[in-house]
Amino acid sequence: MFGAGGGTSSYREAEDTDLIVLWGSNARETHPIFFHHVLRAVNKGARLYAIDPRRTSSAEWADSWLGLDVGSDIALANAIAREIIAAGLENREFIGRATVDFDAYKAKVESYTLEYAEQETGVPAEAIRELAHAFAKAPRAMICWTLGITEHHNAVDNVLALISLVLLTGHVGRYGSGVNPLRGQNNVQGGGDMGALPDRLPGFQHVENDELRAKFDAEWGVPVPPRRGWHLSGMFDAMERGDLTAVYCIGENPVQSEADQKRAIGLLKGLDLLVVQDLFLTKTAELADVVLPATAAWAEAEGTVTNSERRVQRVRAAVAPPPGARDDLAIIFELANRMGAAWGEADAENVWNEVRRLSPVHAGMSYERLEELGGIQWPCYDEEHPGELFLHSRLWEDPVPGNRVPFVPVDHDPPVDRLTTEYPVRLTTGRRLDSYNTGVQSGGYTSPLRRGESLDISPEDLATYGLADGERVRVISRRGQVEVPVRVDESLRPGLTFMTLHFQDDVATNLLTIDATDPKSGTAEFKATAIRIERLEAPVPA
C-alpha cells in the first residue's frame, strides 16, 4: 500500500482496533487464523462490518452485513465517501497535511448519492449511511479484503477506492488503523517480497530504476533486463502471440486455476517446452515435457516464509523428503550449475543473506534474530531495528517527509459478463474452510466438512426452478458448461449462486468463468460469471 507491497497493520492491532470492515472477505473460512484475532477484537467491543454478496459465516459475527451485488464495490465505497464528506466527518487536518488531489476525489464521489448507491449495489441507503458515520467516527478502524475485491476486471480500481476511504478518515499510519489485503495462499506475501512480480526486484525495488538495478547487476554478475516482464495473464497472451514458447512452472497449477480452462490447456500444449516443478503431479504437470518433483516447503525444506502482517519467520525441515523429491532451492541450484553458472551447493541461509544485502527492508533480519524474536516484520533496516509494527507513520509527521499520498478517483464499472435473459443468474466463486484452492494439496486428505462440489443456490431460486436439494443440473455460461448437484444455501440471495475450484477433477468450474482481466494486475474476474441453470432430463425407466 502507498508504494509498499504489504498490509499496513499487524495482527495484534486487529485485536485492539475499534472497528473492522471485512470487505469481500469471508475470513472465517478462508483466513481462519486471522479471524481468531478479529473475534478477540469483537469480544473486546469492536464493531464488525461484513461487506459481501453472500451472508457468509463471517457475517454471522458482524454488527451489520451489507449484502452488495457482485461487482458494485466502487459504487459502495464512493457512496460511503460522499456521505462522510457531506456530514463533515472527513479528517481535514490529515487530508491537508498528508494527501494530494482531494478536490478531484471529492468531485468524483459527489454523484454517488445514497439513493444511487442503493440502486446500484442493492445495499439499503440507511446501512450505507450507518457504516460511513461509524467508520469516520471510530478512533481506530481498519479495512481488510481478499479476492472478493481483487478477482475483478477492475481489481486495482477496487483497491484504490478502499485506500481512499482510509485517506479520507486518517485511518492509516497509526496503531490499530490501516488497510490490509489478506493473502490468499501461504507465502504469497513472501513471493512478492522476493521479486515474484513483473516489475519488481526483491524488496519491491523497481526493475526499471537504473540505480536500484545496478546493485543487483553487481551482485549477480549479469545485467538484469531493464524492462518489466509479464504477469501471469500477460504470459498466456504472449503464448498466444508466439512470443513465449518455453515455461518453467514452479508450484502453480494454471490448468485448473486459470479462468478459461480450454484456453489455458490449448496454449500450454502448444509450447515448445513446459517444465513443471511441484509437490504433486498436477493436471498442469501431466502436460509437461519435464517434471521435477519438489518437497513440501512447510515440513521438508529450510528457509523463510512471510505472512500477511509482513512477518518473516523461519521454516525448518522436520522430515526428510521422499525418494526422488528435492528441495526447490536444490533443484534450481542444480539447474544453474548444469547450465554453467557454478552456483555451488544450495544453502538457504546464504541465499537469505544475499536478500539482506540487496533489500534494505530485510537488512536487519539475520537467522539468529529471526530465531530469537520469533519472526520480524519488514521493514527492518539493521540489526538494531525491531521491525515495523505498522506502516506509514510518517504521514502523521509535520511536515510529512517524502511524497504525500494521492487520492485516486475511480468510477463504478459493472462486471464484464453481463446478466441477460439468456444468462440471468450470477455465479460467484470462492473457497470453503475444508479445502485449498484447486484441491491439489487438500484433496488427498479426508475431512468431515468436505462434501464435494455443488452449485449453491438460494431457497427462493430452488423453488423457482422446481429443483430438489441434491438434484444434478446443467450450468451453462457463455464459455462452457458443467453438470453439478445443487445445494440450498440460505446465505445466498435470489439470483446469486456460488461454486468453488476445489474439485476440478469432478467439476471444472473454470470452464464457466470468464478471463476478463484487470489490465494493471492481470487478475481475472472469477467473481462475476453470468450463467443459466437447466434441469437435466430424467433417465428413461428401463
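1. Considerations on the overall build of the protein
Here is step 1 of the chain: A tally of helices and strands in the protein yields 19 helices and 21 strands.
Here is step 2 of the chain: Against the 2.2 N^0.38 benchmark of 24 Å for 542 residues, the protein shows a C-alpha radius of gyration of 24 Å, consistent with a compact globule.
Here is step 3 of the chain: C-alpha atoms of the protein, sized along the principal axes, occupy 75 × 65 × 45 Å.
Here is step 4 of the chain: Counting every position in the protein, which comprises 542 residues, the buried fraction comes to 52%.
Here is step 5 of the chain: Within the protein, contacts between residues at least 6 apart in sequence are counted, and of these 69% link residues at least 24 apart.
Here is step 6 of the chain: Counting every atom, the protein has about 24,100 Å² of accessible surface; 51% of that belongs to carbon and sulfur.
Here is step 7 of the chain: In the protein, 54 positive and 80 negative side-chain charges are present, and the distance between their average locations comes to 2 Å.

2. Observations concerning helix α16 (residues 328–338)
Here is step 1 of the chain: Residues of α16 that are buried: Ile331, Phe333 and Ala336.
Here is step 2 of the chain: Capping the start of α16 is the job of one residue whose side-chain oxygen sits 3.0 Å from the backbone nitrogen of Leu329: Asp327.
Here is step 3 of the chain: Directly after α16, the chain includes Gly340, whose backbone phi takes a positive value near 90°.

3. Digging into the sheet that holds strand β12 (residues 303–306)
Here is step 1 of the chain: Spatially, three strands are ordered β12-β13-β14 in an open sheet, and the strand pairing comes out antiparallel. This sheet does not close on itself; its edge strands, each paired only once, are β12 and β14 (376–377).
Here is step 2 of the chain: In this structure, β12 lies alongside strand β13 (residues 311–315), joined through four bridges in antiparallel fashion. Its bridge partner being in β13, Thr306 is matched across the sheet by Val312.

4. A few points about the environment of Ser58
Here is step 1 of the chain: Looking at where Ser58 falls in the secondary structure, it is placed in the loop between β2 (47–51) and β3 (64–66).
Here is step 2 of the chain: Overall, the relative accessible area of 0% leaves Ser58 in the buried class.
Here is step 3 of the chain: In this structure the side chain of Ser58 is engaged in a polar contact, spanning 3.1 Å, whose partner is the backbone nitrogen of Ala27.

5. Structural notes on the packing of aromatic side chains
Here is step 1 of the chain: Under the defined criterion, the tally for this structure stands at eight aromatic pairs.
Here is step 2 of the chain: A network of ring pairs unites the aromatic residues Phe102, Tyr105 and Phe407 as a single cluster.
Here is step 3 of the chain: The cationic tip of Arg54 hangs over the ring face of Phe498; the distance from NZ or CZ to the ring centre is 3.7 Å.

6. What about the environment of Asp243?
Here is step 1 of the chain: Position of Asp243 relative to the elements: it lies in the loop between α13 (232–241) and β9 (246–250).
Here is step 2 of the chain: Residue contacts for Asp243: discarding those within four places in its chain leaves Trp230 and Ala238.
Here is step 3 of the chain: Side-chain polar atoms of Asp243 contact the side chain of Arg241, separated by 2.8 Å.

7. Some points on the packing of helix α12 (residues 210–220) against helix α17 (residues 348–358)
Here is step 1 of the chain: Contact geometry of α12 with α17 gives a least axis separation of 10 Å together with a crossing angle of 145°. Here α12 runs over α17; the crossing is right-handed. For the pair α12 and α17, the contacting residues are Lys215, Phe216, Glu219 and Trp220 in the first and Glu354, Arg357 and Leu358 in the second.
Here is step 2 of the chain: For the contact of α12 with α17, a count of residues per class yields three nonpolar, no polar and four charged.

8. Examining the packing of helix α4 (residues 73–86) against helix α8 (residues 125–137)
Here is step 1 of the chain: Close contact between α4 and α8 brings their axes to 9 Å; oriented N to C, the two are set at 65°. In the packing of α4 onto α8, the handedness of the crossing is right-handed. Each of Leu76, Ala79, Ile80, Glu83 and Ile84 in α4 lies in contact with α8, whose residues at this interface are Ile128, Arg129, Leu131, Ala132, His133 and Ala136.
Here is step 2 of the chain: Tallied by class, residues from the contact of α4 with α8 come to eight nonpolar, one polar and two charged.

Analysis parameters
- Residues numbered from 1 in each chain as written.
- Predicted model: local features only at pLDDT ≥ 70, side-chain atom pairs only at ≥ 80, totals over all residues.
- Heavy atoms only, no water.
- Helix = DSSP H or I, 4+ residues; strand = E, 2+ residues; numbered from the N terminus.
- Rg over C-alpha atoms; globule rule 2.2 N^0.38 Å.
- Buried < 20%, exposed > 50% of the residue type's maximum accessible area, 1.4 Å probe, protein only.
- Contact = heavy atoms within 4.5 Å.
- Areas by Shrake-Rupley, 256 points an atom, 1.4 Å probe, with all protein chains shown as cover.
- Lys, Arg positive; Asp, Glu negative; His and termini not counted.
- Charge placed at Lys NZ, Arg CZ, Asp CG, Glu CD.
- Polar contact = N/O pair within 3.5 Å; in protein donor to acceptor, adjacent residues only side chain to side chain.
- Pairing = 2+ DSSP bridges.
- Phe/Tyr/Trp six-rings, centres within 6.5 Å; stacked < 30°, edge-to-face > 60°.
- Lys NZ or Arg CZ within 6 Å of the ring centre and 35° of its normal.
- Axes fitted to C-alpha atoms, helices over the stretch in contact; angles between N-to-C directions.
- Left-handed = near helix turned anticlockwise from the far one by under 90°.
- Nonpolar A, V, L, I, M, F, W, Y, C, P; charged D, E, K, R; others polar.

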